[in-house]
Amino acid sequence: MNKQIVHQLILDKLRVDLSIAERAAQTAYETATHEENIAENKYDTLGLEASYLAAGQARRVEEIRQALALCQNLVLRPYDEQRGIQIGTLIGLADEDDRQQWLFLGPDAAGLKVSLVGQPITVITPRSPLGRSLLGKFEGDEVEIVVAGARQQFTVTEAI
């Protein structure tokens, strides 16, 4: 796994997502402000609904812009065996059934998925239970989280 390539894939995906969200926000804005959507009576809510959609799309654009800016400003450092896992670490985890997964601990963009040579990689942040429990851990360490009352245990197999 190459952390620089993974980071670039994340940036590329965020740029694509931003472009799509900007187009959707523009379309929603045009729909909300179009003269045909002016309410004719108090039961005609198409224009109001379109304005809610436009506001939500605009918020989504800002969220993606913020995630992109934080990820662009992330300085990738090699894994530090003294400090353990930090933001910017690419992490291999194995669950109790020895199923392997790859995670990138990022400053934002939680849930974003990219793929490198067919291997899916999911972005998590320190705000998530798993991200929080991984901070400062080392290769070979075990982490345990409880999600919806279910205990999940993982072993850090690799940190890059």
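Counting starts from 1 at the beginning of each chain's written sequence and moves along it residue by residue. In keeping with the model being predicted, local features are shown solely for residues with a pLDDT of at least 70 and side-chain atom pairs are shown and tallied solely at 80 or more, while totals for entire chains, interfaces and linings include all residues. Remark: hydrogens and water are excluded; side-chain values derive from all non-hydrogen atoms of the structure.

Identification of the protein as GreA/GreB family elongation factor from Pseudomonas hefeiensis is taken from an unreviewed UniProt entry.

**Student:** Please clarify how the overall build of the protein should be interpreted in this entry.
**Tutor:** A tally of helices and strands in the protein yields three helices and six strands. In this description the radius of gyration comes from C-alpha coordinates, and the expected globular size is given by 2.2 Å times residues to the power 0.38. Scaling as 2.2 N^0.38, a compact globule of 160 residues should have a C-alpha radius of gyration of about 15 Å, whereas the protein reaches 20 Å, well beyond that. Burial status across the protein gives 36% buried among its 160 residues. Summarising the internal contacts of the protein: among those between residues at least 6 apart in sequence, 55% fall at separations of at least 24. Note on areas: Shrake-Rupley, 1.4 Å probe, and residue coverage restricted to the protein chains presented here. Per element, the accessible surface of the protein, about 9600 Å² overall, is 51% carbon and sulfur. Residues scored as charged are limited to Lys and Arg (positive) and Asp and Glu (negative), so that His and the chain ends carry no count. Note that the charge is assigned to NZ on lysines, CZ on arginines, CG on aspartates and CD on glutamates. Across the protein, the 16 positively charged side chains and the 23 negatively charged ones have centroids separated by 4 Å. Put simply, DSSP marks the helices as runs of H or I at least four residues long and the strands as runs of E at least two long, and each gets a number from the N terminus on. Residue exposure (1.4 Å probe, protein chains only): buried if accessible area is under 20% of the type maximum, exposed if over 50%, otherwise partly exposed. The contact criterion used throughout is that any non-hydrogen atoms of two residues lie within 4.5 Å.

**Student:** Help me understand helix H1 (residues 3–33), please; the structure alone is not making it clear to me.
**Tutor:** The periodicity of an α-helix, 3.6 residues per turn, causes residues three or four places apart in sequence to face the same way. Here H1 is 31 residues long and its end C-alpha atoms lie 45 Å apart, about the 45 Å a rise of 1.5 Å per residue gives. Turning to H1, its buried residues number three or more, namely Lys3, Val6, His7, Ile10, Leu11, Leu14, Asp17, Leu18, Ala21, Ala25 and Ala28. N-capping of H1 is provided by Asn2, with a side-chain oxygen placed 2.9 Å from the backbone N of Gln4. What a helix is expected to span follows from its residue count: subtract one and scale by 1.5 Å. Pairing of N or O atoms within 3.5 Å defines a polar contact, subject to two protein rules: one partner must be a possible hydrogen donor and the other a possible acceptor, and residues neighboring in sequence count only if both atoms are side-chain atoms.

**Student:** Honestly, the UniProt feature "domain: Transcription elongation factor GreA/GreB C-terminal" (unreviewed entry) in the protein in this entry has me stumped. Any pointers?
**Tutor:** UniProt positions are given in the numbering used here, feature names are shortened, and annotations may be inferred rather than shown by experiment. Those residues carrying the UniProt feature "domain: Transcription elongation factor GreA/GreB C-terminal" (unreviewed entry) are residues 88–158 in this numbering. Along residues 88–158 the backbone is 8% helical and 52% strand, and the end-to-end C-alpha distance reaches 14 Å.

**Student:** What exactly am I supposed to notice about the side chain of Thr122 here?
**Tutor:** Secondary-structure assignment places Thr122 in strand S4 (residues 119–124). Thr122 sits in the buried class, given a relative accessible area of 17%. Those residues within four positions of Thr122 in sequence are excluded, and the remaining contacts are Trp102, Leu103, Phe104, Gly111, Leu112 and Lys113.

**Student:** How should the environment of Thr157 be read in this particular structure?
**Tutor:** In this fold, Thr157 is placed in strand S6 (residues 150–159). Spatially, the C-alpha atom of Thr157 lies 8.1 Å from that of Asp141, the residues being 16 residues apart in sequence. In this structure, Thr157 is in contact with Gly92, Leu93, Ala94, Gln100 and Glu139, ignoring residues within four places of it in sequence.

**Student:** Please clarify how the layout of surface pockets should be interpreted in this entry.
**Tutor:** Gaps between atoms show up when a probe of the same size as a water molecule is rolled over them. Taken as a whole, the largest pocket holds about 190 Å³ of empty space. Site definitions follow a grid-based scheme: protein atoms alone, a 1 Å grid, a 1.4 Å probe that fits but cannot get out for cavities, and for pockets an open set with protein on both sides within 12 Å along at least five of seven lines, plus lining residues having an atom within 4 Å of a point. In terms of lining residues, the largest pocket is bounded by 14 residues, among which Arg77, Pro78, Arg83, Gln86 and Ile87 are the most central. The classification used treats Ala, Val, Leu, Ile, Met, Phe, Trp, Tyr, Cys and Pro as nonpolar, Asp, Glu, Lys and Arg as charged, and all other residues, Gly among them, as polar. Partitioning the lining of the largest pocket into residue classes produces six nonpolar, four polar and four charged. Grid points are joined across faces, edges and corners, and a volume is the space filled by probe spheres set on the points.

**Student:** What is the right way to look at the pattern of salt bridges in this model?
**Tutor:** Between side chains of opposite charge, a pair can form as their charged atoms come close. By convention in these notes, a salt bridge is any Lys or Arg side-chain nitrogen within 4 Å of a carboxyl oxygen on Asp or Glu. One pass over the structure, following the stated rule, counts 10 salt bridges. The shortest N-O distance in the salt bridge between Arg65 and Glu62 comes to 2.6 Å. In this pair, Arg65 and Glu62 are both assigned in helix H2 (residues 46–72), three residues apart and thus about one turn of the helix distant.

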